[in-house]
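# Commentary on secondary and tertiary structure
Each chain, written out:
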Amino acid sequence: MKQTENQILIIFGASGDLTKRKLIPALYVLFKQNLLPKKFAVVGASRSPLTDETFRTKVDEFLPKEEGVESFKKMLFYQPVLTNTADDLIPLKNRLKYISNDLNIDKNFVFYLSTPPSLYEVIPRLLWENKLSKSSKYFRRLIVEKPFGTDLESAKKLNINLLNYFKEDMIYRIDHYLGKETVQNMLVTRFSNGIFEPLWNRNYIERVEITSAESLGVEGRGGYYDQSGAMRDMLQNHLLQLVSFVAMEPPTVINATAIRNETIKVFQSLRPIPENMVSKYVIRGQYTESKIRNNKVVGYREEPGVDEFSRTETFVALKFFIDNWRWAGVPFYIRTGKKLPTRVTEVVIHFKSVPHHLFDSANSSSTNNNQLIIRIHPDEGILVKFGMKTPGAGFEVQTVNMDFHYSDLTDTTVSAAYERLLLDCMQGDATLYARGDAVEEAWGFVQPIIDAWQNNPEIPVYGYPAGTWGPEEASKLIANAEWRFPCKNLTDDGLYCEL
Ligand code: BG6
């Protein structure tokens, strides 16, 4: 395990939800696992007039009630800051000096931007003006939360702005999907096994399907979501990053440059969807009022913070191609949405069927296409579906499952995304963070779709009752086949299962 140098983590926007729900609990897990540096402090910074004590009490809500928490909390400090002028950061600068001297911590600083995105333009400049953004002796790093821009132009502008004050190798653009153990395992599954990679191409794969479904709705984030929608909130970032891990060529080594070089090649090979083809290749939907388990569920337009005439998509499904040697002609399908029947993210590789059919199939819908299902969550694991002879007379084939579940690994726990990503940044490893050029390429792919929706209001927004698998039109995207309907349990699918 790499040594983590002594350092101070400064979280801007520390009074917000992300800090107490994700960041502090992740740091606590690292603390329990002895993975934090020997000398370490967290300084929360935001406008709210909290003290160290009130900050510690605030974040306590999401920490377990157990011994050890109190010693962890002693590492937490809080400094109120304004961000109007360079001088506003002086109290923070003095506080950092004081804490590092008092606790004998090297002046290595990681700045975490967990603020409203408008401040991503401001805080890096203020840090630079206060000479906090570089040092000849110590490291300086900047973590930027999503959303990284709201379109291609704003993402480019943000990159330019950040690069005025921090060098690219100091900038860590977070995409929490890359921190997921199961997403990283995509690379291990592909590149550490001799059995998959030879088949992982247009010769053997018929199509690739990615589903990222959520049963929750916008949960009080209507104001944000209505300006964003599923395309910006999930697809441009998390799901395209996932596509890059499914589709990339083997990197020469596992490090930030090699992996990110492969990611960008995938993004550069995405076939653009022209404006006049958007309605054919992209289906958008919005959930409407319905009843789930006998309880009335409001439609998206009735959610607080959402415009009553909103045309923001809470569901999107698209078909696209990756124009390169490996994937030529293989359709990729992605769908994601809120208020779907269950929470599940998975990648399904559909292999081509055999060239000559010798046997009868017990189940015509499973016409013996082999599937490899990589479950990102829940019931993390891998499932292979293949044909087996139904015992008895004749040669009837039925589809059976071969499965691995992470939960079977009794002596290991699957760490949460933020634990892995925070530790990586503390250790200076940017492999699982998005590089500026890749973020722009990903925006470049989705931008024509967003523009087409904006410019052509006649492109339909299909309603779907909350609790269903999205608009019917999404099923028509896949020719002569249907989406897999996943359940909570990896090995269940079909009509009846636990959701
Ligand atoms: C966030 C989105 O980035 O990812 C949310 O803003 C979404 O809308 C969440 O719910 C999904 O993350 P996960 O890890 O629960 O799939």
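The preceding data block contains the structure.
The sections below set out a description of the structure shown in this document. Since the structure is predicted, the reported quantities are computational estimates derived from the model, not experimental observations.

## Quick word on the site of the ligand
With respect to spatial proximity, the complete set of residues near the ligand consists of Lys146, His176, Tyr177, Lys180, Glu214, Arg221, Asp233, Met234, His238, Lys338, Arg343 and His377. Interatomic distance of 2.8 Å between a side-chain N/O atom of Lys146 and an oxygen atom of the ligand. Notes on the ligand: free accessible area 390 Å², of which the protein chains cover 81%. A total of three residues in the shell around the ligand trace back to one element, the largest contributor, which is helix α8 (residues 222–247). In terms of residue class, the shell around the ligand is made up of two nonpolar, three polar and seven charged.

## Thoughts on unusual backbone geometry
With an omega of 5°, the peptide bond running from Lys146 to Pro147 counts as cis. Position of Pro147 relative to the elements: it lies in the loop between β5 (140–144) and α6 (152–165). Of note, the amide linkage connecting His377 to Pro378 takes the cis form, showing an omega dihedral of -15°. Among the secondary structure elements, Pro378 is positioned in the loop between β15 (371–377) and β16 (381–389). A positive phi angle, near 60°, is found at Lys131, a position not held by glycine. In this structure, Lys131 sits in the loop between α5 (123–129) and β5.

## Quick word on the packing of helix α7 (residues 181–191) against α8
Where α7 contacts α8, the two axes come as close as 9 Å, and the packing angle between them is 10°. Relative to α8, the element α7 is oriented roughly parallel. Counting all contacts with α7, which are made through Val183, Gln184, Met186, Leu187 and Arg190, the residues of α8 involved are Leu242, Phe245, Val246 and Ala247. Residues belonging to the contact of α7 with α8 are distributed by class as follows: seven nonpolar, one polar and one charged.

## Observations regarding empty space enclosed by the protein
What the rule picks out here adds up to three cavities of 30 Å³ or more. By volume, the largest cavity is sized at about 160 Å³. In this structure, the largest cavity is lined by 15 residues; those nearest its centre are Phe148, Ile174, Asp175, Asn237 and Val439. Elements that contribute at least two residues to the lining of the largest cavity include exactly α8 and α12 (436–455). If one sorts the elements of the lining of the largest cavity by residue count, α12 sits on top with four residues. Here the residues of the lining of the largest cavity sort into eight nonpolar, three polar and four charged. One number sums up the size of the second largest cavity: a volume of about 50 Å³. Forming the walls of the second largest cavity are Leu178, Gln241, Phe245, Ile259, Arg260, Thr263, Thr431, Tyr433, Ala434, Arg435 and Ala438. Those elements giving two or more residues to the lining of the second largest cavity turn out to be α8 and α9 (256–269).

## Focus: the side chain of Thr312
With respect to the helices, strands and loops of the structure, Thr312 is situated in the loop between β10 (295–297) and β11 (315–320). Using a relative accessible area of 10% as the deciding quantity, one classes Thr312 as buried. When residues no more than four places from it in sequence are discounted, the contact partners of Thr312 are Tyr225, Asp226, Ser228, Gly229, Gly285, Gln286 and Tyr300.

## Some details on the pattern of salt bridges
Under the defined criterion, the tally for this structure stands at 23 salt bridges. When the shortest N-O distance is used, the salt bridge between Arg326 and Glu197 registers 2.7 Å. Taken together, the residues span a long stretch of sequence, with Arg326 in the loop between β11 and β12 (332–337) and Glu197 in the loop between α7 and β7 (205–213) at a distance of 129 residues. Take Glu197: its relative accessible area is 16%, and that puts it in the buried class. Residues joined in a network through salt bridges with shared partners are Asp60, Lys65, Glu70 and Lys73.

The rules behind these values
- Residues numbered from 1 in each chain as written.
- Predicted model: local features only at pLDDT ≥ 70, side-chain atom pairs only at ≥ 80, totals over all residues.
- Heavy atoms only, no water.
- Near = heavy atom within 4 Å.
- Polar contact = N/O pair within 3.5 Å; in protein donor to acceptor, adjacent residues only side chain to side chain.
- Areas by Shrake-Rupley, 256 points an atom, 1.4 Å probe, with all protein chains shown as cover.
- Helix = DSSP H or I, 4+ residues; strand = E, 2+ residues; numbered from the N terminus.
- Nonpolar A, V, L, I, M, F, W, Y, C, P; charged D, E, K, R; others polar.
- Axes fitted to C-alpha atoms, helices over the stretch in contact; angles between N-to-C directions.
- Parallel < 35°, antiparallel > 145°, perpendicular 65-115°, else oblique.
- Contact = heavy atoms within 4.5 Å.
- 1 Å grid on protein atoms, 1.4 Å probe; cavity = no way out; pocket = protein on both sides within 12 Å on 5 of 7 lines; lining within 4 Å.
- Points joined across faces, edges and corners; volume = space filled by probe spheres on them.
- Buried < 20%, exposed > 50% of the residue type's maximum accessible area, 1.4 Å probe, protein only.
- Salt bridge = Lys/Arg side-chain N within 4 Å of Asp/Glu carboxyl O.

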